[in-house]
Protein chains: 4
Amino acid sequence: MAYFKNIGKIKFEGRNSDNPLSFKYYNAQQIVAGKTMAEHFKFAVAYWHTFCGLGIDPFGFATQFYPWNQAKDFKTKAFHKADAAFEFLDKIGFDYLCFHDFDLIEEGPTQLESEKRLETISDYILDHLEESHKKVLWGTANCFSNPIYMNGAATNPDFSVVARVGAQLKMALDITIKLGGENYVFWGGREGYMSLLNTDVSKELDHLGILLTMAKDYARKQGFRGTFFIEPKPMEPMKHQYDFDASTTIGFIKKYGLEKDFKLNIEINHATLAQHSFDHELAIATSENMLGSIDANRGDDQNGWDTDQFPNNINELTRTMLIILQAGGFQGGGINFDAKLRRNSTDLEDLFHAHIGGADVFARALLIADSILQNGQYQKHREQRYASFDTKEGRKFRAKELVLEDLYAIATSNPPPKSISGKQEMLENLINRFI
Amino acid sequence: MAYFKNIGKIKFEGRNSDNPLSFKYYNAQQIVAGKTMAEHFKFAVAYWHTFCGLGIDPFGFATQFYPWNQAKDFKTKAFHKADAAFEFLDKIGFDYLCFHDFDLIEEGPTQLESEKRLETISDYILDHLEESHKKVLWGTANCFSNPIYMNGAATNPDFSVVARVGAQLKMALDITIKLGGENYVFWGGREGYMSLLNTDVSKELDHLGILLTMAKDYARKQGFRGTFFIEPKPMEPMKHQYDFDASTTIGFIKKYGLEKDFKLNIEINHATLAQHSFDHELAIATSENMLGSIDANRGDDQNGWDTDQFPNNINELTRTMLIILQAGGFQGGGINFDAKLRRNSTDLEDLFHAHIGGADVFARALLIADSILQNGQYQKHREQRYASFDTKEGRKFRAKELVLEDLYAIATSNPPPKSISGKQEMLENLINRFI
Amino acid sequence: MAYFKNIGKIKFEGRNSDNPLSFKYYNAQQIVAGKTMAEHFKFAVAYWHTFCGLGIDPFGFATQFYPWNQAKDFKTKAFHKADAAFEFLDKIGFDYLCFHDFDLIEEGPTQLESEKRLETISDYILDHLEESHKKVLWGTANCFSNPIYMNGAATNPDFSVVARVGAQLKMALDITIKLGGENYVFWGGREGYMSLLNTDVSKELDHLGILLTMAKDYARKQGFRGTFFIEPKPMEPMKHQYDFDASTTIGFIKKYGLEKDFKLNIEINHATLAQHSFDHELAIATSENMLGSIDANRGDDQNGWDTDQFPNNINELTRTMLIILQAGGFQGGGINFDAKLRRNSTDLEDLFHAHIGGADVFARALLIADSILQNGQYQKHREQRYASFDTKEGRKFRAKELVLEDLYAIATSNPPPKSISGKQEMLENLINRFI
Amino acid sequence: MAYFKNIGKIKFEGRNSDNPLSFKYYNAQQIVAGKTMAEHFKFAVAYWHTFCGLGIDPFGFATQFYPWNQAKDFKTKAFHKADAAFEFLDKIGFDYLCFHDFDLIEEGPTQLESEKRLETISDYILDHLEESHKKVLWGTANCFSNPIYMNGAATNPDFSVVARVGAQLKMALDITIKLGGENYVFWGGREGYMSLLNTDVSKELDHLGILLTMAKDYARKQGFRGTFFIEPKPMEPMKHQYDFDASTTIGFIKKYGLEKDFKLNIEINHATLAQHSFDHELAIATSENMLGSIDANRGDDQNGWDTDQFPNNINELTRTMLIILQAGGFQGGGINFDAKLRRNSTDLEDLFHAHIGGADVFARALLIADSILQNGQYQKHREQRYASFDTKEGRKFRAKELVLEDLYAIATSNPPPKSISGKQEMLENLINRFI
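Draft legend 1. Representation of the relation of the copies chain C and chain D in the model. Overlaying chain C with chain D gives an RMSD of 0.0 Å, the required rotation being 180° about an axis along which the chain moves by 0.0 Å. Such a combination of turn and shift is consistent with a two-fold rotation axis. No C-alpha of chain C lies nearer the rotation axis than that of C:Gly251, which sits 2.4 Å from it. An overlap of 100% is found between the interface residues of chain C and their copies at the interface of chain D, pointing to a shared contact surface.

Now the structure itself:
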């Protein structure tokens, strides 16, 4: 059964096409900077938003009544949803899916029942995967929706909840491995606090570190060779979340000795909620060789929520692709559209508009960034800016061969430093010129 | 010569006094939780705001024309300012000063001239210190006002500026040691970027780490035994500052192996600029045993500037003092009023109102926090909340003696976790009850 | 049947009581500034949060399973909920309720069915009201949860939805009148836009003005003599809401000629979402004689959501009560606790802690504000500050009897103005002294 | 004497030019939508930022030492600055200047001395204007930098300051008229409060209304036929400014009966400080026919300051130009680059890069917006969305010929409204397609 009946495969038709259901820039097989666009991006569809989304918001009931979600029994619904997912993947032409355990099928009343359900649906999805040659970019466990996690998951003050998290992680890892997941993500939606008055931050962070270590050890024992990602977010749903931003999360990863196995999955909207630009978070991650994957979306510049809208800002993504290209791409991951339609976008077709818009703006940003790098002025300016560290004394400084008295001698025996323009406006014009 | 002629020593007169120029709560010698208030707080006056402040803002010229700032030659002005400072300290009854090098006297046209000037004024201040038995809580170098730092200080892309920073740090360390400074602070007002387009984050962070190491090594060689503090701030004046918040700064300190010598100096207004509550920053710092000192002030809840107003929120500081008391106080530091009058508070007397208000609100918060802790319900609630980690299995978990399969077995062989209220509203009422 | 079995009537026990289930400051019959506390505040319980709340958040399912919400059929559930509401009102000792139409009973599949349902439940509630002598502070219509309002209610681009809003308003007004509602509120949760790209702001505002006029005319025809309130909110659920803040809403009310019948209902958390302090919104409203009522709660200082937590900030509410007392109280309304428990506060008892804490902090703020006003220094300072407008020329200026050339003559023939301190720090200390 | 020696006239060279000192899109005489680009935009250079800027920030001294600012005596400096201004205007090829009174020459110690100084420099500038055929888009008075305005200008609690403001406004209006200013702007940088505790909002707003009326009356008497603009800003330098945003300011203008003479001057960075998108402020202004002029710049998405950077966001300005084109352009004004270089952009050349970038991004946005409107799909979608108001009943509703009972009858006798997608994602793709 086809859910998207009037929609065929979305094709690349170039920027002059008048057809809103075509790619204007994203051309999967086009080679840019030595790789196909498909390889650069590894675009993934987010199972939760695209196939489970209902259009609920804190003040409003469901608005999106997708046909695959109408069956009464959970099992049929899960099968329908999987069918819709693979039809969508086929038509949009992306290679990857990302999912939480209970996106695939409704959670059961007990752990054992949940396992059984996941067993069934994952068999079904496995068939789909094999038939379609589609892949799983990453899997994860939803340890935040169930009310038992209201006081935290791995950081819950009640050990019996922590044990429950462990059981769920085991199951989610098993399913991810079974479905060939290339990576595994941890997003700590409940790892944080509502109020410091009842919270022991130190204990809770230790528990999180211990549990992630256990999960990693277990997965490795099962032969999982992919990368683990932590996805930073500063707050929401909790008042504060421990994986606040890239810097904080890298500090955490190192403190608990997880840096060989863990990288970051950086989300645009989470970056801006943390008062950072997205390129800042990418720059921090790449400076530590920690850029694993990204969740593509955008927030609203005028509010502080996680609106998860589809990305569409050309200036922003051009800066993004500049950093990613220069870093040599992702460490294991790709680009997952962790984005949802606004709740009043209720046509089935809107799902296509949204993903097309997102893919096109990334493709365009890649082409622009590549042109900038080929032009070379941008990199040359940066190199010259730091050239003084390639002098004899500059090199010694970087090699830690100087003491403070040496700097004193250098400073007092040389003319005062010159005023050197940062040239920001010129560089910004340079970027805009290539857009 | 007296600058504050009509003002005598500010006395503790208790909460029923109608005299605005008296302390209502701050009673320096009163013992609370085993220490005098003076020992708990080590209140310090900030040389820059209180004696150098002019009332300039980005849209307005100077409004505050203090008599000690009216001399034409820089040297007389510096002496007058020092006289005013010690008169103020004497009358307000605090024990400590904090300063930047060029708060004490105007920077010279060359490093050598600056050193000579600082030599002169520090001799004069040393006499004042000895005579008054006042002390220096910490010194620091102003590596942000001079235009040569417009592209960064230790993180400047030009090595000749970095060398210049080294020379200035040496001088500021020498002066701090000479004046008996108990600690030394680094605030990286220019350590960050204006635009990522021209910035190599990785290089710049390395340079900062190298220079702090050099500075520490030098000071230790000179016999300095105090603590070094880094003061986090997320932005302003730079678009982004590397010492964003407590977590980021602790990560930096550990990365460069400085954790034995460095602690944090946490500022209220910097915490809120980073989208954290002040108690959050304190909780993070104490969870890593890194709470060195604090800069007391407050921002404005409705804007994003560093307004540096004097603290006056009783609810907020009660939570603050709860954390500080439980942590056993500061690691070396105290409470510096890094706060300024609003520019239209132009009476000399206003300096006293402001410091009195700040000291009183801290004193009151200390008394309240002590009552809460003596009452004990607050701590008892927290202990019970985590009690399950004191069971046999909980303990094993914390000791890293379990694997994921163990958690699975525990979770599947026990009844599901109970729903346990976080009791936040009750705890908040409890706090308010003691205010 | 009793839902709150172990809880008796909450009594005033004074500030030294150790009983968390007692009022420490709120003493309903105590006279302050010429009125009882009950008259000052007219505390109301919000039907939606307190009796319909489930603890759902955007990332989590229900956590609060109150016994009155467990019946399977909507009618029994509505009766149970009403029973719980009046038991709660009786025990907490407040006089008022506030409600949306579909808080009382679940919306029906058609308008006519909804009317029938409301007829039934309102008969039942009417009996409760008469028996208990409790009252309705205000009623309102929920024109935001139903998916038909996803593109707006009165401002929907589809006229058939606007007509539907009209029908619902008629019904909600009828019910409010039937239940003796003292006022009627409009909160435009969907009156705004998600994207300007598809929105005609001018048309939508006109439609809103027309519909409010119709609703007012209808209610007056039915004999309703209460006040209509508009409740400003800047955003959420919409990206932008037309009733952004007090100033914007007053401009709207005047533009459509509604100022005789409409006042504002100001909510603390909405004020702060609009980047205003709550006292700012009150000052604007009182300066236009437009302060109708308030919704008491608080947001979180570090995020941008409508967290609707219970109020607990003594400093903030003292400033609030200063303004309200000086304005002579509310124009028709009172204080509705539009506040909810955090979702992990799951004990039935927590509902009492929360309302007790809220009432106590307002009572305390009233007592403090009254002391400040009795002391008189605060008002005296303000009067002196504007005294120059009581001179002959100042009066002429205020009477619009001067032209610009007169001001020129005055300015050039007098000595330059003196520098007069704003004395903000002294005033803040004055306020704190009375807390 | 030439200040920009190595720079010739900036030419339009088209998008493929490699010359950073050329326009890529701004082609003054190119006709778009029936007008030349120069007529659409009326680009103006801001005297204050471009010729008076020093690169000071709250933590740093001057960095920009422009040659025209080096003369010791204020008169020579003023002449040099004027020479530089007209050389810059000539080379950048814009037609307009905007200025504050004391941008032109340093304020004198008395009103009369200031007048004399302004007399002298305005004679000199008048010659420049006549010779160059350049024009003044608007003039204004700086009533915020002088310390006498620290407690407010027109809203100062001291009448003698208010009189002083009157005298300064008279002078600034005289100078603007003398120099042929096409409009006159009021920006109330000090019209607001630092603390509500010492402020009578109601009185202060009345005084502001009275003074603006006087100023308008005076200017009209002198034959000024241009438009008066008020420029909204929510805060900074004051904690709150009365002209918060477009809605608030329109409400104020109407309250004091100034709507025939006053329009708005909307600034991008002020819009975003008020938590609005720039297109929101434009939409509000055009919905009331109040869009007078704009101040072009941009803020930083991650902080809350008035950074006044040069505009460079193509997506944002495309939406801007869509609104402006559809509104038929500005009511009297144009586009003033109220923007400054970052303080570490210290080359003279950087002034050109910045203005070129700004003009190009507007020119490009104009071309894109024109293409979108010519394509027509965008407008068609909006029209269809509101088409139901063109039915018989919809029209009656808009004509206020229905009562609430009519809406009830319509709603209950028709099938329920259909779910109609808002199509936001499709519309956003449509916009991006034309970029």
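Draft legend 2. Broad picture of the interface of chain C and chain D. Taken residue by residue, the interface counts 90 residues in chain C and 90 residues in chain D. Both sides of the chain C and chain D interface together cover about 8,100 Å² of buried area, and 66% of this is carbon and sulfur. The three residues of chain C that bury the most area against chain D are C:Phe159, C:Leu197 and C:Leu404, which together make up 11% of that side's buried surface. Run the count over chain C and chain D and you get 4 salt bridges. Salt-bridge contacts for D:Glu405 lead to C:Lys221; the nearest nitrogen and oxygen are separated by 3.1 Å. Where chain C touches chain D, the interface holds 34 residue pairs in polar contact (both at pLDDT 80 or more). Of the residues contributing to the side of chain C that touches chain D, the split by class is 41 nonpolar, 26 polar and 23 charged.

Draft legend 3. Inspection of the packing of helix H12 (residues 348–375) of chain D against helix H13 (residues 377–385) of chain D at higher detail. Residue and element names in this part refer to chain D. Contact geometry of H12 with H13 gives a least axis separation of 5 Å together with a crossing angle of 60°. Classified by the interaxial angle, the pair formed by H12 and H13 is oblique. Across the interface between the two elements, Ile372, Leu373 and Asn375 from H12 touch Gln377, Tyr378 and Gln379 from H13. Considered class by class, the residues forming the contact of H12 with H13 number 3 nonpolar, 3 polar and no charged.

Draft legend 4. Local environment of the pattern of salt bridges. Taken as a whole, this structure holds 108 salt bridges over all chains when the rule is applied. The closest approach of N and O atoms between A:Lys423 and D:Asp350, which form a salt bridge, is 2.6 Å. Note that A:Lys423 is positioned in the loop between helix H15 (404–413) and helix H16 (424–434) and D:Asp350 in helix H12, a pairing that runs across two chains. Each member of the pair, A:Lys423 together with D:Asp350, is buried. Each of A:Arg298, A:Arg342, D:Glu425 and D:Glu428 takes part in a single network of salt bridges with overlapping partners.

Draft legend 5. Looking closely at the confidence of the model for chain A. Per-residue confidence for chain A gives a mean pLDDT of 97; residues scoring 70 or more make up 100%. Complex prediction metrics read pTM 0.97 and ipTM 0.97.

Draft legend 6. Representation of the sheet that holds strand E13 (residues 291–295) of chain A. Residues and elements named next belong to chain A. If you trace the 8 strands once around the closed barrel, you get E5-E6-E7-E8-E10-E12-E13-E14, paired in parallel fashion. Mean inter-strand twist for the sheet, computed between neighbouring axes without regard to direction, equals 30°. Bridge analysis of strand E12 (residues 262–267) against E13 gives 4 bridges, and the strand direction is parallel. From the neighbouring strand, Asn265 faces E13, where its bridge partner is Ser293. The strands touched by helix H7 (residues 201–221) within the sheet are strand E8 (183–186), strand E10 (227–230) and E12, with E10 carrying the most contacts at an inclination of about 155°.

Draft legend 7. Structural detail: the environment of D:Phe252. All names here are of chain D. Along the chain, Phe252 turns up in helix H8 (residues 246–255). Exposure remark for Phe252: the relative accessible area of 7% places this residue in the buried category. Put simply, Phe252 and Gly209 are 43 residues apart on the chain and 7.9 Å apart in space, counted from C-alpha to C-alpha.

Draft legend 8. Just the relation of the copies chain A and chain B, in detail. With an axial shift of 0.0 Å and an RMSD of 0.0 Å, the rotation relating chain A to chain B amounts to 180°. Of all interface residues in chain A, 100% are interface residues in chain B too; the two copies therefore contact each other through one and the same surface.

Draft legend 9. Just the environment of D:Thr176, in detail. All names here are of chain D. Structurally, the position occupied by Thr176 is in helix H6 (residues 159–178). Thr176 gets classed as buried once you look at its relative accessible area, which sits at 1%. A sequence separation of 28 residues divides Thr176 from Ile148, and the C-alpha atoms of the two residues are 23 Å apart. Leaving out residues up to four positions away in the same chain, Thr176 has contacts with Phe99, Gly139, Thr140, Gly181, Asn183 and Tyr184. Reaching out from Thr176, the side chain makes a polar contact with the backbone oxygen of Ala172 at a distance of 2.8 Å.

Draft legend 10. View of the side chain of D:Lys134. All names here are of chain D. By secondary structure assignment, the location of Lys134 is in the loop between helix H5 (111–132) and strand E7 (135–140). For the buried Lys134, no salt bridge exists, and the shortest N-O distance to an oppositely charged side chain is 4.1 Å, to Asp95. Sequence-distant contacts of Lys134, defined by excluding residues within four places in its chain, comprise Phe86, Leu89, Asp90, Gly93, Phe94, Asp95 and Leu129.

Draft legend 11. Spatial organisation of the interface of chain A and chain B. Counting residues at the interface gives 90 residues for chain A and 90 residues for chain B. Roughly 8,100 Å² of surface becomes buried between chain A and chain B when both sides are summed, with 66% attributable to carbon and sulfur atoms. Per-residue buried area on chain A facing chain B is highest for A:Phe159, A:Leu197 and A:Leu404; these three make up 11% of the total on that side. The interface formed by chain A and chain B holds 4 salt bridges in total.

Draft legend 12. Spotlight on the packing of aromatic side chains. For the structure shown, the criterion picks out 148 aromatic pairs over all chains. The interplanar angle of 75° and the centroid separation of 4.8 Å between the aromatic rings of A:Phe144 and A:Trp187 together place this pair among those described as edge-to-face. Highlighted residues: A:Phe144 in the loop between strand E7 (135–140) and helix H6 (159–178) and A:Trp187 in the loop between E8 and strand E9 (192–193), separated in sequence by 43 residues. Neither A:Phe144 nor A:Trp187 differs from the other in exposure class; each is buried. Each ring, one from C:Phe397 and one from D:Phe159, has its centre 5.7 Å from the other, and the planes form 50°; the classification is tilted. Here D:Phe159 lies in helix H6 and C:Phe397 lies in helix H14 (residues 392–398), a pairing that spans two chains. In terms of burial, C:Phe397 and D:Phe159 fall into one category: buried. Joined through ring pairs, the aromatic side chains of A:Tyr3, A:Phe4, A:Tyr47, A:Phe51, A:Tyr66, A:Trp68, A:Phe88 and A:Phe352 make up one cluster. Geometry around A:Phe74 places A:Arg117 over its ring, the cationic atom sitting 3.6 Å from the centre.

Thresholds, definitions, all that
Residues numbered from 1 in each chain as written. Chains lettered and ligands numbered in written order. Predicted model: local features only at pLDDT ≥ 70, side-chain atom pairs only at ≥ 80, totals over all residues. Heavy atoms only, no water. Least-squares fit on C-alpha atoms with pLDDT ≥ 70 in both. Contact = heavy atoms within 4.5 Å. Buried area = accessible area lost by both parts, 1.4 Å probe. Salt bridge = Lys/Arg side-chain N within 4 Å of Asp/Glu carboxyl O. Polar contact = N/O pair within 3.5 Å; in protein donor to acceptor, adjacent residues only side chain to side chain. Nonpolar A, V, L, I, M, F, W, Y, C, P; charged D, E, K, R; others polar. Axes fitted to C-alpha atoms, helices over the stretch in contact; angles between N-to-C directions. Helix = DSSP H or I, 4+ residues; strand = E, 2+ residues; numbered from the N terminus. Parallel < 35°, antiparallel > 145°, perpendicular 65-115°, else oblique. Buried < 20%, exposed > 50% of the residue type's maximum accessible area, 1.4 Å probe, protein only. pLDDT = per-residue confidence, 0-100. Pairing = 2+ DSSP bridges. Lys, Arg positive; Asp, Glu negative; His and termini not counted. Phe/Tyr/Trp six-rings, centres within 6.5 Å; stacked < 30°, edge-to-face > 60°. Lys NZ or Arg CZ within 6 Å of the ring centre and 35° of its normal.

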